[in-house]
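Architecture and fold: a report
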Amino acid sequence: MAEGAEPEIRIVADADAASGVAAELTAARLTEAVAARGRADWATTGGSTPIGMYRVLMQPPTLDGVPWADIHVWWGDDRFVHRDHPLSNVKPLDDVLLGIGRTEEGTAGGAVEVPLPAGNLHPFPTGEAIGRGLGADWCAAQLAATLRSDGPPALDGWPVFDLVMLGMGGDGHVLSVFPGSTAPASAELCLAVPAPTHIEPHVERVTMHPAVIGAARQVLVVATGAGKAAVLAEVFGDERDPGRWPAQLARIPTATWILDEAAAAGLPD
Ligand code: 6PG
């Protein structure tokens, strides 16, 4: 791999270890941001990546050490489904961190909830858009307006998140920016994305513009499993073509990549 302005890459044993490191870094970055600026803006992700991390975040001492009341949570992308739909990128946080829908027995079993005020959660308003028949373009425009009014300060027009967390698809996509996407050329802060046909789930998406990756103070990419090895070898190969491998947009010095050994197997030395 070429020397220079590269991200930090941390290789750990397995997905559980990746969740632990991701939770530790997330807690640290959010806590530092609140100390420095009075609030933290965190864009989280979907897929399976954040679920293990949320579970670690809700354990003491991490749970008690994070200033949750000053943390604002956004989603870099979402599927155009209701928030309680199994495909929603918001549902894992609702379920795991906030304990929404948890049974009484589960609560009595020692589960805790993260004290994140409901007003600090800023998902794409998919449910309202669907319910009112307004469509994914409206949904994306609404979140863009919320970002401008209530989001982190912008630099060159793009919001500067304290932390953008990303998973990576087996095709090398990040956010809902798929290979060949026209999103990078758009001037819109948030966009509707037609349902991809090459990768599941085949549902329409909404996404932030990928410029938020480069603008963020810290980017955290988590990729685990042998299914990510081939594309990671391309992402960290000599050829730079983020149109083909959008994850290369996070091959930047402000990013930390947390990989397990299976995913990292094909990386160049
Ligand atoms: C999608 C996926 C995707 C996901 C990555 C990583 O909507 O296409 O949810 O964006 O974040 O594929 O997924 P894993 O965390 O499950 O590896």
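Read on for an overview of the structure. (Residues numbered from 1 in each chain as written. Predicted model: local features only at pLDDT ≥ 70, side-chain atom pairs only at ≥ 80, totals over all residues. Heavy atoms only, no water.)

Examining the pattern of salt bridges
A side chain of one charge can pair with a side chain of the opposite charge when the charged atoms of the two come close. In plain terms, the rule: For salt bridges, the criterion is a side-chain nitrogen of Lys or Arg within 4 Å of an Asp or Glu carboxyl oxygen. Segments assigned H or I by DSSP are reported as helices when at least four residues long, segments assigned E as strands when at least two residues long, and all are numbered from the N terminus. In this scheme, a residue with accessible area under 20% of its type's maximum is buried, one over 50% is exposed, and one in between is partly exposed, where area comes from a 1.4 Å probe on protein chains only.
Tallied over the full model, the rule gives 10 salt bridges. The salt bridge involving Glu 32 is made with Arg 29; its shortest N-O contact spans 3.1 Å. Residue Glu 32 and its partner Arg 29 are both found in helix α1 (residues 15–37); the two are separated by three residues, about one turn of the helix. The exposure class of Glu 32 is partly exposed, given its relative accessible area of 44%. By relative accessible area, which is 23% here, Arg 29 ends up partly exposed. Between Asp 162 and Arg 217 there is a salt bridge; the shortest N-O distance is 3.3 Å. Pair noted here: Asp 162 is in the loop between β7 (158–159) and β8 (163–167) and Arg 217 is in the loop between α8 (211–215) and β11 (219–223), with a separation of 55 residues, a long-range link. Judged by relative accessible area, which is 5%, Asp 162 ranks as buried. Looking at Arg 217, the relative accessible area reads 43%, which means it is partly exposed. Each of Glu 6, Arg 240 and Arg 251 takes part in salt bridges that share partners, so that together they form one network.

Concerning the environment of Ala 192
To be explicit about the condition: Contact definition: two residues touch when any of their heavy atoms are within 4.5 Å.
Within the fold, Ala 192 resides in strand β9 (residues 190–193). For Ala 192, a relative accessible area of 23% puts it in the partly exposed group. The residues contacting Ala 192, other than those within four sequence positions of it, are Ala 136, Asp 137, Ala 140, Arg 205 and Val 206.

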